[in-house]
Amino acid sequence: MRGALIEANLPLVRYAAARFRSRNEPMEDVVQVGTIGLINAIDRFDPDRGVQFPTFAMPTVVGEIKRYFRDNVRTVHVPRRLHELWVQVNAATEDLTTLHGRTPTTPEIAERLRITEDEVLSCIEAGRSYHATSLEAAQEGDGLPGLLDRLGYEDPELAGVEHRDLVRHLLVQLPEREQRILLLRYYNNLTQSQISAELGVSQMHVSRLLARSFARLRSANRIEA
């Protein structure tokens, strides 16, 4: 009789296990754990209480599955209160989705449970923390290297940081007019003719000042080195 009851109520276990499909655990394992809850419910069920068996068994089956995830699956520790609140957030999300026909917003979930929006967001984040992934593990499906190989990259501008700092240091040693000419030529990309018009001097004079500035910069650079 006990075996027949277990066999007859396995669809109830599968229904309960389907609620945890998003946890990325093998469904066979979840069903097996839920079956343990079913057996416990059968052993404790008292038909004289007037409660239908599915109504009595479902909390026991779901509770067994939740304990399995809490005690055996999660590799990232989450505070117990946050974990329990996450279960409520998950249930409220399912109820509101059914009610509105769409995914509920964070304020709607917070209002339903009478908690803050920050608590809802923390619970959602905790719900994603069942597994710790190795930084060296390859990313499945996207054809990309492991996360460790993607955390950092060589900035092409990095080599120029030291050079720019050196140029800035040397520029302040030039007379103000020569600094302005260099800035107009190499930062504003003006031609020597345009610079001569800007400063009111001949183009030949601009050329001589540029040559003199370069000579001073090279000399100062050798001294710094």
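Computed from a prediction, not measured in an experiment: that's the story for all the values here.

## Considering the confidence of the model for the protein chain
Where the model shows low pLDDT, its predicted coordinates should not be examined in detail. Of all residues in the protein chain, 78% attain a pLDDT of 70 or more, and the chain-wide mean is 79. Helix H8 (residues 147–151) is the least confidently modelled element of the protein chain, averaging 59 in pLDDT, while helix H6 (residues 106–113) averages 91, the highest of any element.

## Here we look at the packing of aromatic side chains
As enumerated under the stated definition, the model contains three aromatic pairs in all. Between the aromatic rings of Phe-45 and Phe-53, the centroid separation amounts to 5.2 Å while the plane-to-plane angle is 85°, which identifies the pairing as edge-to-face. Its relative accessible area of 24% is what places Phe-45 among the partly exposed residues. The rings of Phe-45, Phe-53 and Phe-56 are connected pair by pair, giving a single aromatic cluster.

## With respect to the packing of helix H10 (residues 176–186) against helix H11 (residues 192–199)
In the contact formed by H10 and H11, the axes pass within 10 Å of each other and the chain directions differ by 135°. In this view, H10 runs oblique relative to H11, as classed from their interaxial angle. For the crossing formed where H10 meets H11, the hand is right-handed. Across from Arg-180, Ile-181, Leu-184 and Arg-185 in H10, the residues of H11 making contact are Ile-195, Glu-198 and Leu-199.

## Here's the deal with the side chain of Glu-178
With respect to the helices, strands and loops of the structure, Glu-178 is situated in helix H10. Within polar-contact distance, the side chain of Glu-178 engages the side chain of Arg-216 at 3.3 Å. Dropping the residues within four chain positions of it, Glu-178 is found in contact with Leu-209, Arg-212, Ser-213 and Arg-216.

About the cut-offs
Residues numbered from 1 in each chain as written. Predicted model: local features only at pLDDT ≥ 70, side-chain atom pairs only at ≥ 80, totals over all residues. Heavy atoms only, no water. pLDDT = per-residue confidence, 0-100. Helix = DSSP H or I, 4+ residues; strand = E, 2+ residues; numbered from the N terminus. Phe/Tyr/Trp six-rings, centres within 6.5 Å; stacked < 30°, edge-to-face > 60°. Buried < 20%, exposed > 50% of the residue type's maximum accessible area, 1.4 Å probe, protein only. Axes fitted to C-alpha atoms, helices over the stretch in contact; angles between N-to-C directions. Parallel < 35°, antiparallel > 145°, perpendicular 65-115°, else oblique. Left-handed = near helix turned anticlockwise from the far one by under 90°. Contact = heavy atoms within 4.5 Å. Polar contact = N/O pair within 3.5 Å; in protein donor to acceptor, adjacent residues only side chain to side chain.

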